[in-house]
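Per-entry structural report
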Amino acid sequence: MSQNDSLFARAQRSTPGGVNSPVRAFRSVGGTPRFITRAEGPYFWDADGKRYIDYIGSWGPAIVGHAHPEVIKAVQAAAANGLSFGAPTEGEILMAEEICKLVPSIEMVRLVSSGTEAAMSALRLARGVTGRDMVIKFEGCYHGHADSMLVKAGSGLLTFGNPTSAGVPADFAKHTMVLDYNDCAQLEETFSNMGDRIAAVIVEPVAGNMNLLRATSEFLQTMRRLCTQHGAVLMFDEVMSGFRVALGGAQSLYGIQPDMTVLGKVIGGGLPVAAFGGRADMMKHLAPLGPVYQAGTLSGNPVAVAAGMSTLKIIQQPSFYEKLGTQTRKLMEGMAMAAREVGVAFSADSVGGMFGIYFSEHVPENYAQIMAGNKERFNQFFHAMLDAGVYLAPSAFEAGFVSAMHSDAVIDETLAAARGSFAKLTA
Ligand SMILES: *Cc1c(COP(=O)(O)O)cnc(C)c1O
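Residues numbered from 1 in each chain as written. Predicted model: local features only at pLDDT ≥ 70, side-chain atom pairs only at ≥ 80, totals over all residues. Heavy atoms only, no water.

What follows covers the site of the ligand. Taken together, the neighbourhood of the ligand is formed by Ser114, Gly115, Thr116, Tyr142, His143, Gly144, Glu204, Asn209, Asp237, Val239, Met240 and Lys265. For the ligand, an oxygen atom lies 3.0 Å from a polar atom in the side chain of Asn209. Within the side chain of Asp237, an N or O atom sits 2.7 Å from a nitrogen atom of the ligand. Protein contacts shield 82% of the accessible area of the ligand, which totals 390 Å² for the unbound molecule. (Near = heavy atom within 4 Å. Polar contact = N/O pair within 3.5 Å; in protein donor to acceptor, adjacent residues only side chain to side chain. Areas by Shrake-Rupley, 256 points an atom, 1.4 Å probe, with all protein chains shown as cover.)

Written out as C-alpha coordinates, the structure is:
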(Lines give C-alpha, C1' and ligand atoms only; values in the text may rest on other atoms or scores of the structure.)
Protein backbone atom coordinates (compact mmCIF):
# COMPACT_ATOMS: atom_id res chain seq x y z
CA MET A 1 0.00 0.00 0.00
CA SER A 2 1.30 3.45 -0.87
CA GLN A 3 1.69 6.09 1.82
CA ASN A 4 -1.04 8.11 0.08
CA ASP A 5 -3.45 5.18 0.31
CA SER A 6 -2.77 4.55 3.96
CA LEU A 7 -2.96 8.24 4.88
CA PHE A 8 -6.24 8.56 2.99
CA ALA A 9 -7.70 5.53 4.79
CA ARG A 10 -6.60 7.02 8.12
CA ALA A 11 -7.86 10.51 7.29
CA GLN A 12 -11.33 9.21 6.50
CA ARG A 13 -11.69 7.88 10.04
CA SER A 14 -11.28 11.31 11.68
CA THR A 15 -12.39 13.78 8.97
CA PRO A 16 -15.47 13.60 6.72
CA GLY A 17 -14.24 12.28 3.36
CA GLY A 18 -10.66 12.50 4.62
CA VAL A 19 -10.25 16.12 3.50
CA ASN A 20 -10.84 19.64 4.77
CA SER A 21 -12.17 20.97 1.47
CA PRO A 22 -14.18 18.74 -0.88
CA VAL A 23 -12.34 19.10 -4.23
CA ARG A 24 -9.18 17.68 -2.61
CA ALA A 25 -10.87 14.30 -2.28
CA PHE A 26 -10.56 13.42 -6.02
CA ARG A 27 -14.27 12.49 -6.11
CA SER A 28 -14.67 13.98 -9.57
CA VAL A 29 -11.67 12.20 -11.13
CA GLY A 30 -11.57 9.09 -8.95
CA GLY A 31 -8.50 7.59 -7.27
CA THR A 32 -6.55 8.44 -4.14
CA PRO A 33 -5.72 12.03 -3.26
CA ARG A 34 -2.03 12.79 -2.93
CA PHE A 35 -0.94 13.86 0.55
CA ILE A 36 1.63 16.60 0.16
CA THR A 37 4.70 16.74 2.36
CA ARG A 38 6.54 19.76 0.96
CA ALA A 39 6.68 22.20 -1.92
CA GLU A 40 9.33 24.34 -3.57
CA GLY A 41 9.12 26.61 -6.63
CA PRO A 42 6.90 24.92 -9.26
CA TYR A 43 6.94 21.52 -7.55
CA PHE A 44 5.44 19.60 -4.67
CA TRP A 45 6.13 16.14 -3.34
CA ASP A 46 3.68 13.57 -2.01
CA ALA A 47 3.95 11.15 0.90
CA ASP A 48 5.52 8.51 -1.38
CA GLY A 49 8.26 10.95 -2.31
CA LYS A 50 6.94 11.44 -5.85
CA ARG A 51 7.52 14.89 -7.34
CA TYR A 52 4.82 16.74 -9.27
CA ILE A 53 4.85 19.89 -11.35
CA ASP A 54 2.08 21.80 -9.60
CA TYR A 55 -0.61 23.57 -11.65
CA ILE A 56 -3.01 24.40 -8.84
CA GLY A 57 -0.63 26.57 -6.79
CA SER A 58 -2.83 26.16 -3.70
CA TRP A 59 -5.73 27.16 -6.03
CA GLY A 60 -4.09 30.45 -6.88
CA PRO A 61 -2.06 31.89 -4.00
CA ALA A 62 1.33 30.39 -4.98
CA ILE A 63 1.89 32.88 -7.83
CA VAL A 64 5.56 33.49 -6.96
CA GLY A 65 6.20 29.76 -6.55
CA HIS A 66 6.15 27.69 -3.39
CA ALA A 67 8.37 28.56 -0.41
CA HIS A 68 9.77 31.69 -2.06
CA PRO A 69 12.79 32.67 0.11
CA GLU A 70 11.63 36.28 0.54
CA VAL A 71 8.14 35.25 1.62
CA ILE A 72 9.46 32.64 4.03
CA LYS A 73 11.90 35.18 5.51
CA ALA A 74 9.09 37.72 6.02
CA VAL A 75 6.89 35.10 7.68
CA GLN A 76 9.69 33.96 10.00
CA ALA A 77 10.51 37.53 10.99
CA ALA A 78 6.85 38.31 11.72
CA ALA A 79 6.34 35.06 13.65
CA ALA A 80 9.32 35.82 15.87
CA ASN A 81 7.51 38.97 17.05
CA GLY A 82 4.39 37.13 18.10
CA LEU A 83 1.59 35.44 16.19
CA SER A 84 -1.50 37.51 16.92
CA PHE A 85 -2.37 40.49 19.10
CA GLY A 86 -6.04 41.35 18.67
CA ALA A 87 -4.94 44.97 18.41
CA PRO A 88 -3.97 46.94 15.29
CA THR A 89 -0.54 46.84 13.66
CA GLU A 90 1.27 49.03 11.11
CA GLY A 91 1.49 46.04 8.76
CA GLU A 92 -2.26 46.20 8.23
CA ILE A 93 -2.00 49.85 7.15
CA LEU A 94 0.76 49.01 4.70
CA MET A 95 -1.31 46.19 3.26
CA ALA A 96 -4.42 48.37 2.93
CA GLU A 97 -2.41 51.14 1.28
CA GLU A 98 -0.85 48.66 -1.12
CA ILE A 99 -4.23 47.22 -2.13
CA CYS A 100 -5.72 50.71 -2.68
CA LYS A 101 -2.70 51.63 -4.80
CA LEU A 102 -2.83 48.49 -6.97
CA VAL A 103 -6.62 48.44 -7.42
CA PRO A 104 -7.70 52.08 -7.82
CA SER A 105 -11.46 51.35 -7.55
CA ILE A 106 -10.74 50.38 -3.93
CA GLU A 107 -10.67 53.55 -1.83
CA MET A 108 -10.96 51.74 1.49
CA VAL A 109 -10.53 48.09 2.34
CA ARG A 110 -11.09 45.69 5.20
CA LEU A 111 -8.96 42.60 5.76
CA VAL A 112 -10.51 39.25 6.67
CA SER A 113 -9.28 35.65 6.63
CA SER A 114 -11.01 33.86 3.73
CA GLY A 115 -12.65 34.60 0.41
CA THR A 116 -15.90 33.20 1.75
CA GLU A 117 -15.84 35.65 4.62
CA ALA A 118 -14.92 38.55 2.33
CA ALA A 119 -17.75 37.88 -0.15
CA MET A 120 -20.27 37.27 2.63
CA SER A 121 -19.33 40.51 4.39
CA ALA A 122 -19.29 42.52 1.16
CA LEU A 123 -22.81 41.32 0.32
CA ARG A 124 -24.04 42.24 3.79
CA LEU A 125 -22.51 45.68 3.31
CA ALA A 126 -24.19 46.09 -0.10
CA ARG A 127 -27.53 45.16 1.43
CA GLY A 128 -26.93 47.53 4.34
CA VAL A 129 -25.94 50.39 2.06
CA THR A 130 -28.88 50.00 -0.35
CA GLY A 131 -31.51 48.85 2.13
CA ARG A 132 -32.44 46.11 -0.39
CA ASP A 133 -32.35 42.31 -0.05
CA MET A 134 -32.02 40.87 -3.56
CA VAL A 135 -28.65 39.90 -5.03
CA ILE A 136 -27.86 38.60 -8.50
CA LYS A 137 -25.21 35.96 -9.13
CA PHE A 138 -24.39 33.88 -12.22
CA GLU A 139 -24.56 30.14 -12.76
CA GLY A 140 -21.11 28.54 -12.41
CA CYS A 141 -19.56 31.43 -10.47
CA TYR A 142 -18.36 30.63 -6.96
CA HIS A 143 -18.31 33.20 -4.20
CA GLY A 144 -17.51 31.03 -1.20
CA HIS A 145 -19.96 29.00 0.83
CA ALA A 146 -22.06 31.62 2.63
CA ASP A 147 -25.75 30.65 2.68
CA SER A 148 -26.94 33.22 0.17
CA MET A 149 -24.34 32.12 -2.41
CA LEU A 150 -25.06 28.36 -2.33
CA VAL A 151 -27.90 28.84 -4.73
CA LYS A 152 -28.72 27.68 -8.24
CA ALA A 153 -31.22 28.95 -10.76
CA GLY A 154 -34.84 28.08 -10.13
CA SER A 155 -36.87 26.48 -12.89
CA GLY A 156 -37.53 28.95 -15.66
CA LEU A 157 -36.35 32.46 -16.26
CA LEU A 158 -36.78 35.07 -13.55
CA THR A 159 -37.65 32.69 -10.75
CA PHE A 160 -35.88 32.90 -7.45
CA GLY A 161 -32.93 30.71 -6.46
CA ASN A 162 -32.96 27.22 -4.94
CA PRO A 163 -30.37 26.07 -2.38
CA THR A 164 -27.53 23.87 -3.76
CA SER A 165 -26.65 22.63 -0.28
CA ALA A 166 -28.68 21.01 2.43
CA GLY A 167 -28.91 23.30 5.42
CA VAL A 168 -29.56 26.48 3.44
CA PRO A 169 -33.09 27.70 4.19
CA ALA A 170 -35.21 28.35 1.11
CA ASP A 171 -36.09 31.62 2.82
CA PHE A 172 -32.45 32.73 2.40
CA ALA A 173 -32.07 31.40 -1.14
CA LYS A 174 -35.09 33.34 -2.33
CA HIS A 175 -33.12 36.57 -1.98
CA THR A 176 -30.59 35.39 -4.57
CA MET A 177 -31.36 35.35 -8.26
CA VAL A 178 -29.16 33.21 -10.51
CA LEU A 179 -28.70 34.26 -14.13
CA ASP A 180 -26.65 32.97 -17.08
CA TYR A 181 -23.07 34.20 -17.43
CA ASN A 182 -22.49 36.32 -20.54
CA ASP A 183 -26.25 36.71 -21.14
CA CYS A 184 -26.86 40.47 -21.44
CA ALA A 185 -30.54 40.22 -22.44
CA GLN A 186 -31.43 38.29 -19.30
CA LEU A 187 -29.66 40.86 -17.16
CA GLU A 188 -31.54 43.71 -18.87
CA GLU A 189 -34.85 41.92 -18.40
CA THR A 190 -34.19 41.24 -14.72
CA PHE A 191 -33.31 44.86 -14.01
CA SER A 192 -36.32 46.15 -15.88
CA ASN A 193 -38.57 43.84 -13.82
CA MET A 194 -37.10 44.43 -10.38
CA GLY A 195 -34.22 46.92 -10.60
CA ASP A 196 -35.39 48.83 -7.52
CA ARG A 197 -35.10 45.68 -5.37
CA ILE A 198 -31.57 44.65 -6.34
CA ALA A 199 -28.87 45.35 -3.75
CA ALA A 200 -25.94 43.94 -5.69
CA VAL A 201 -24.71 42.06 -8.71
CA ILE A 202 -21.76 39.81 -7.82
CA VAL A 203 -19.65 38.33 -10.61
CA GLU A 204 -16.28 36.72 -11.29
CA PRO A 205 -15.14 39.08 -14.09
CA VAL A 206 -12.93 36.27 -15.35
CA ALA A 207 -14.58 33.12 -14.07
CA GLY A 208 -12.39 30.33 -12.72
CA ASN A 209 -14.65 28.09 -10.70
CA MET A 210 -16.38 26.37 -13.62
CA ASN A 211 -13.05 26.07 -15.47
CA LEU A 212 -11.78 29.30 -17.04
CA LEU A 213 -14.50 31.38 -18.70
CA ARG A 214 -13.96 34.94 -19.93
CA ALA A 215 -16.70 37.49 -19.51
CA THR A 216 -17.45 39.39 -22.68
CA SER A 217 -16.72 43.07 -22.38
CA GLU A 218 -20.35 43.79 -23.30
CA PHE A 219 -21.57 41.62 -20.40
CA LEU A 220 -19.54 43.53 -17.80
CA GLN A 221 -20.38 46.90 -19.36
CA THR A 222 -24.09 46.10 -19.36
CA MET A 223 -23.81 45.21 -15.68
CA ARG A 224 -21.97 48.44 -14.90
CA ARG A 225 -24.60 50.55 -16.69
CA LEU A 226 -27.59 48.77 -15.11
CA CYS A 227 -26.18 48.92 -11.58
CA THR A 228 -25.53 52.65 -11.94
CA GLN A 229 -29.00 53.27 -13.41
CA HIS A 230 -30.81 51.32 -10.70
CA GLY A 231 -28.65 52.14 -7.67
CA ALA A 232 -27.35 48.60 -7.20
CA VAL A 233 -23.81 47.78 -6.06
CA LEU A 234 -21.58 46.24 -8.76
CA MET A 235 -19.34 43.76 -6.99
CA PHE A 236 -16.42 42.05 -8.72
CA ASP A 237 -15.35 38.89 -6.94
CA GLU A 238 -11.66 38.91 -7.81
CA VAL A 239 -10.64 36.40 -5.14
CA MET A 240 -9.20 34.31 -7.97
CA SER A 241 -8.61 36.83 -10.77
CA GLY A 242 -7.12 39.56 -8.54
CA PHE A 243 -3.30 39.82 -8.93
CA ARG A 244 -3.61 36.70 -11.13
CA VAL A 245 -4.86 37.78 -14.56
CA ALA A 246 -3.06 41.15 -14.23
CA LEU A 247 -1.54 43.29 -11.46
CA GLY A 248 -4.74 45.36 -11.27
CA GLY A 249 -7.03 42.34 -11.60
CA ALA A 250 -9.66 41.70 -14.28
CA GLN A 251 -11.08 45.20 -13.76
CA SER A 252 -7.85 46.66 -15.13
CA LEU A 253 -8.03 44.42 -18.23
CA TYR A 254 -11.63 45.39 -18.99
CA GLY A 255 -11.32 49.01 -17.88
CA ILE A 256 -14.41 48.79 -15.69
CA GLN A 257 -14.68 50.16 -12.15
CA PRO A 258 -16.85 48.08 -9.84
CA ASP A 259 -18.27 49.70 -6.71
CA MET A 260 -16.81 46.95 -4.56
CA THR A 261 -14.16 44.27 -5.02
CA VAL A 262 -13.60 41.01 -3.17
CA LEU A 263 -10.01 39.72 -2.90
CA GLY A 264 -8.29 36.65 -1.49
CA LYS A 265 -5.90 33.89 -2.59
CA VAL A 266 -2.83 35.79 -3.97
CA ILE A 267 -3.06 38.61 -1.38
CA GLY A 268 -2.31 36.13 1.38
CA GLY A 269 0.66 34.59 -0.44
CA GLY A 270 -0.36 31.19 0.98
CA LEU A 271 -1.57 32.31 4.41
CA PRO A 272 -5.17 33.26 5.24
CA VAL A 273 -5.73 36.83 4.06
CA ALA A 274 -8.73 38.04 2.09
CA ALA A 275 -10.27 41.48 1.75
CA PHE A 276 -13.20 43.46 0.50
CA GLY A 277 -13.13 47.09 -0.43
CA GLY A 278 -14.38 49.76 -2.76
CA ARG A 279 -16.04 53.14 -2.65
CA ALA A 280 -15.28 54.96 0.59
CA ASP A 281 -18.89 56.16 0.93
CA MET A 282 -19.97 52.52 1.01
CA MET A 283 -17.15 51.20 3.18
CA LYS A 284 -17.99 53.85 5.81
CA HIS A 285 -21.20 51.95 6.54
CA LEU A 286 -19.09 49.25 8.23
CA ALA A 287 -18.69 48.96 12.00
CA PRO A 288 -17.28 50.77 13.93
CA LEU A 289 -18.18 53.76 11.68
CA GLY A 290 -21.57 52.55 10.52
CA PRO A 291 -24.41 50.13 11.21
CA VAL A 292 -23.21 47.09 9.17
CA TYR A 293 -21.53 44.65 11.55
CA GLN A 294 -18.39 42.69 10.65
CA ALA A 295 -15.45 41.53 12.79
CA GLY A 296 -12.69 38.90 13.11
CA THR A 297 -10.31 37.68 15.84
CA LEU A 298 -7.57 36.89 13.31
CA SER A 299 -8.39 39.57 10.70
CA GLY A 300 -5.20 41.27 9.54
CA ASN A 301 -3.11 38.67 11.33
CA PRO A 302 0.51 39.90 11.39
CA VAL A 303 2.10 36.69 10.07
CA ALA A 304 -0.46 36.34 7.27
CA VAL A 305 -0.11 40.02 6.35
CA ALA A 306 3.68 39.59 6.18
CA ALA A 307 3.28 36.73 3.69
CA GLY A 308 0.79 38.77 1.67
CA MET A 309 2.86 41.95 1.63
CA SER A 310 6.04 40.21 0.53
CA THR A 311 4.09 38.47 -2.25
CA LEU A 312 2.56 41.79 -3.37
CA LYS A 313 6.09 43.24 -3.57
CA ILE A 314 7.43 40.40 -5.70
CA ILE A 315 4.59 40.58 -8.23
CA GLN A 316 5.40 44.27 -8.82
CA GLN A 317 8.87 43.45 -10.15
CA PRO A 318 9.32 44.65 -13.76
CA SER A 319 7.59 42.47 -16.40
CA PHE A 320 6.38 39.93 -13.82
CA TYR A 321 2.99 39.59 -15.53
CA GLU A 322 4.42 39.68 -19.06
CA LYS A 323 6.57 36.65 -18.23
CA LEU A 324 3.78 34.88 -16.37
CA GLY A 325 1.40 35.41 -19.29
CA THR A 326 4.02 34.25 -21.79
CA GLN A 327 4.74 31.03 -19.90
CA THR A 328 1.04 30.29 -19.47
CA ARG A 329 0.34 30.88 -23.17
CA LYS A 330 3.32 28.70 -24.10
CA LEU A 331 1.88 25.90 -21.99
CA MET A 332 -1.60 26.24 -23.52
CA GLU A 333 -0.38 26.49 -27.12
CA GLY A 334 1.87 23.48 -26.59
CA MET A 335 -0.97 21.42 -25.13
CA ALA A 336 -3.34 22.37 -27.95
CA MET A 337 -0.70 21.39 -30.50
CA ALA A 338 -0.02 18.07 -28.77
CA ALA A 339 -3.75 17.27 -28.81
CA ARG A 340 -4.04 18.21 -32.50
CA GLU A 341 -1.16 15.90 -33.40
CA VAL A 342 -3.11 12.89 -32.15
CA GLY A 343 -6.56 14.15 -33.18
CA VAL A 344 -8.05 14.70 -29.70
CA ALA A 345 -10.85 17.30 -29.59
CA PHE A 346 -9.31 19.87 -27.28
CA SER A 347 -9.02 23.61 -26.78
CA ALA A 348 -7.25 25.86 -24.30
CA ASP A 349 -7.30 29.45 -23.14
CA SER A 350 -5.46 31.61 -20.62
CA VAL A 351 -5.64 35.05 -19.06
CA GLY A 352 -2.43 36.11 -17.32
CA GLY A 353 -1.35 33.26 -15.06
CA MET A 354 -4.68 31.44 -15.13
CA PHE A 355 -5.66 28.81 -17.69
CA GLY A 356 -8.45 26.56 -18.86
CA ILE A 357 -8.19 23.28 -20.77
CA TYR A 358 -11.34 21.93 -22.43
CA PHE A 359 -12.07 18.61 -24.05
CA SER A 360 -14.17 20.32 -26.69
CA GLU A 361 -13.35 21.59 -30.20
CA HIS A 362 -13.74 25.28 -29.27
CA VAL A 363 -13.09 27.41 -26.21
CA PRO A 364 -16.45 27.63 -24.37
CA GLU A 365 -18.24 30.97 -24.22
CA ASN A 366 -20.85 30.14 -21.59
CA TYR A 367 -21.70 27.73 -18.80
CA ALA A 368 -23.69 25.32 -20.99
CA GLN A 369 -20.77 24.95 -23.40
CA ILE A 370 -18.41 24.20 -20.51
CA MET A 371 -20.79 21.56 -19.18
CA ALA A 372 -20.94 19.97 -22.64
CA GLY A 373 -17.17 19.18 -22.59
CA ASN A 374 -15.99 15.57 -22.44
CA LYS A 375 -15.54 14.95 -18.71
CA GLU A 376 -14.48 11.30 -19.13
CA ARG A 377 -11.67 12.38 -21.44
CA PHE A 378 -10.56 14.95 -18.89
CA ASN A 379 -10.48 12.38 -16.12
CA GLN A 380 -8.35 9.98 -18.20
CA PHE A 381 -6.02 12.82 -19.12
CA PHE A 382 -5.80 13.97 -15.51
CA HIS A 383 -4.66 10.54 -14.32
CA ALA A 384 -2.20 10.07 -17.18
CA MET A 385 -0.65 13.45 -16.33
CA LEU A 386 -0.60 12.64 -12.62
CA ASP A 387 1.25 9.37 -13.34
CA ALA A 388 3.70 11.37 -15.42
CA GLY A 389 4.32 13.77 -12.51
CA VAL A 390 2.06 16.68 -13.47
CA TYR A 391 -0.63 17.75 -10.99
CA LEU A 392 -3.62 19.41 -12.68
CA ALA A 393 -6.77 20.47 -10.83
CA PRO A 394 -8.63 17.23 -9.99
CA SER A 395 -11.83 18.34 -11.75
CA ALA A 396 -12.79 19.28 -15.30
CA PHE A 397 -14.52 22.34 -13.87
CA GLU A 398 -11.60 24.18 -12.30
CA ALA A 399 -9.07 26.59 -13.75
CA GLY A 400 -5.31 25.98 -13.61
CA PHE A 401 -2.54 28.22 -12.32
CA VAL A 402 1.02 28.89 -13.41
CA SER A 403 3.64 30.49 -11.15
CA ALA A 404 6.65 32.67 -11.86
CA MET A 405 8.80 29.59 -11.17
CA HIS A 406 7.40 27.63 -14.12
CA SER A 407 10.48 28.04 -16.31
CA ASP A 408 10.86 26.95 -19.94
CA ALA A 409 12.32 23.64 -18.76
CA VAL A 410 9.31 23.03 -16.50
CA ILE A 411 6.87 23.86 -19.30
CA ASP A 412 8.78 21.59 -21.71
CA GLU A 413 8.66 18.73 -19.23
CA THR A 414 4.91 19.30 -18.84
CA LEU A 415 4.39 19.27 -22.61
CA ALA A 416 6.30 16.01 -22.95
CA ALA A 417 3.97 14.51 -20.34
CA ALA A 418 0.98 15.96 -22.21
CA ARG A 419 2.05 14.38 -25.52
CA GLY A 420 2.27 10.99 -23.82
CA SER A 421 -1.04 11.49 -22.02
CA PHE A 422 -2.97 12.58 -25.14
CA ALA A 423 -1.55 9.58 -27.01
CA LYS A 424 -2.94 7.28 -24.30
CA LEU A 425 -6.44 8.71 -24.84
CA THR A 426 -6.51 7.53 -28.42
CA ALA A 427 -4.63 4.25 -27.91
C1 LIG B 1 -11.71 30.70 -3.83
C2 LIG B 1 -12.80 31.66 -4.11
C3 LIG B 1 -13.66 32.12 -3.10
C4 LIG B 1 -13.63 31.57 -1.70
O5 LIG B 1 -12.42 31.82 -1.06
P6 LIG B 1 -12.02 30.92 0.22
O7 LIG B 1 -10.78 31.56 0.71
O8 LIG B 1 -11.84 29.53 -0.31
O9 LIG B 1 -13.15 31.00 1.17
C10 LIG B 1 -14.59 33.10 -3.42
N11 LIG B 1 -14.69 33.58 -4.66
C12 LIG B 1 -13.88 33.16 -5.67
C13 LIG B 1 -14.03 33.76 -7.01
C14 LIG B 1 -12.94 32.17 -5.42
O15 LIG B 1 -12.18 31.74 -6.43
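Our next topic: the pattern of salt bridges. Here the idea is simple: oppositely charged side chains can pair when their charged atoms come close. Evaluated as defined, the whole model comprises twelve salt bridges. For Asp349, the salt bridge goes to Arg214, with nearest N and O atoms at 2.7 Å. Pair noted here: Asp349 is in strand E15 (residues 347-351) and Arg214 is in strand E11 (residues 213-214), with a separation of 135 residues, a long-range link. On the basis of relative accessible area, Arg214 is assigned to the partly exposed category, the value being 39%. For Asp281, the salt bridge goes to Arg279, with nearest N and O atoms at 2.7 Å. Exposure remark for Asp281: the relative accessible area of 44% places this residue in the partly exposed category. One continuous salt-bridge network, built from bridges that share partners, spans Arg224, Asp259, Arg279 and Asp281. (Salt bridge = Lys/Arg side-chain N within 4 Å of Asp/Glu carboxyl O. Helix = DSSP H or I, 4+ residues; strand = E, 2+ residues; numbered from the N terminus. Buried < 20%, exposed > 50% of the residue type's maximum accessible area, 1.4 Å probe, protein only.)

Spatial strand order, E15-E16-E18: three strands in an open sheet with antiparallel pairing. Because the sheet does not close on itself, it has two edges, and the strands there are E15 and strand E18 (400-401). (Pairing = 2+ DSSP bridges.)

Now for unusual backbone geometry. A cis amide bond links Ala287 to the next residue, Pro288, at an omega of 10 degrees. Unlike most non-glycine residues, Asn182 shows phi in positive territory, near 70 degrees. By the secondary structure assignment, Asn182 is in the loop between strand E8 (176-179) and helix H6 (184-194). Taking relative accessible area as the criterion, Asn182 reaches 17% and is therefore assigned buried.

Turning next to the domain arrangement of the protein chain. Where interface size is quoted, it is often the accessible area lost as the parts come together. Entries for the protein chain in the domain assignment read domain 1 (3-63 + 317-426) and domain 2 (69-314). Spacing between the C-alpha centres of domain 1 and domain 2 amounts to 26 Å. For the pair domain 1 and domain 2, the summed buried surface comes to about 2400 Å²; carbon and sulfur atoms form 60% of the total. At the junction of domain 1 with domain 2, the criterion picks out one salt bridge. The tally of links from domain 1 across to domain 2 stands at 13 residue pairs in polar contact (both at pLDDT 80 or more). Listed by contribution, the elements that provide at least two residues to the side of domain 1 that touches domain 2 are helix H11 (320-341), E15, strand E16 (354-358) and helix H12 (367-371). Examining the composition of the side of domain 1 that touches domain 2, we find that five residues originate from one element, E16, more than from any other. Counted by class, the side of domain 1 that touches domain 2 contains 20 nonpolar, seven polar and three charged residues. (Domains from an automatic or database assignment. Buried area = accessible area lost by both parts, 1.4 Å probe. Nonpolar A, V, L, I, M, F, W, Y, C, P; charged D, E, K, R; others polar.)

Bringing the packing of aromatic side chains into the picture now. Following the criterion strictly, the structure yields 19 aromatic pairs and no others. Pairing Phe8 with Phe35 gives two aromatic rings, centres 6.4 Å apart and planes at 50 degrees, and the pair type is tilted. Pair noted here: Phe8 is in helix H1 (residues 3-14) and Phe35 is in the loop between H1 and strand E1 (36-40), with a separation of 27 residues, a long-range link. With 6.0 Å between their ring centres and 80 degrees between their planes, Tyr52 and Tyr391 make a pair best called edge-to-face. (Phe/Tyr/Trp six-rings, centres within 6.5 Å; stacked < 30°, edge-to-face > 60°.)

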